[in-house]
Amino acid sequence: MAMGELEAAQEDVQQVYLEVNRKAGWLSMRTSDLDEIEKLKATVLAVGEQPDSE
């Protein structure tokens, strides 16, 4: 994971999301993994949208 590097973290979470979503698609159902990665992705993207507080 790209701890401390927001851009790399966003790329990582997108790749994980795509892989989990692909696997869930094979099952034709939502999985707890998909729910979890969607929450993680939203969190990482939200942090990236916050203005710098420096």
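Before reading on, note that the structure itself is shown above.
Residues numbered from 1 in each chain as written. Predicted model: local features only at pLDDT ≥ 70, side-chain atom pairs only at ≥ 80, totals over all residues. Heavy atoms only, no water.

Undergrad: I'd like to hear about the overall build of the protein chain, residue by residue, with values.
TA: Counting secondary structure elements, the protein chain contains 2 helices and 0 strands. Each of the 54 residues in the protein chain was classed as buried or not, and the buried ones make up 20%. Summing over all exposed atoms, the protein chain offers an accessible surface of approximately 4,400 Å²; the carbon and sulfur share of this is 53%. (Helix = DSSP H or I, 4+ residues; strand = E, 2+ residues; numbered from the N terminus. Buried < 20%, exposed > 50% of the residue type's maximum accessible area, 1.4 Å probe, protein only. Areas by Shrake-Rupley, 256 points an atom, 1.4 Å probe, with all protein chains shown as cover.)

Undergrad: An account of the pattern of salt bridges is needed here, citing residue identities and associated values.
TA: This model, assessed by the stated rule, comprises 1 salt bridge. With a shortest N-O distance of 2.2 Å, R22 and E19 are connected by a salt bridge. Of this pair, R22 and E19 both sit in helix α1 (residues 6-27), 3 residues apart, which is roughly one turn of the helix. Residue E19 is classed as partly exposed on the basis of its relative accessible area of 33%. (Salt bridge = Lys/Arg side-chain N within 4 Å of Asp/Glu carboxyl O.)

Undergrad: I'd like a description of the environment of G48, backed by residues and values.
TA: Turning to its location among the elements, G48 is positioned in helix α2 (residues 32-49). Using a relative accessible area of 33% as the deciding quantity, one classes G48 as partly exposed. Measuring from C-alpha to C-alpha, the distance between G48 and E7 comes to 7.9 Å, with 41 residues separating the pair along the chain. Discounting chain neighbours no more than four positions away, the residues touching G48 are L6 and Q10. (Contact = heavy atoms within 4.5 Å.)

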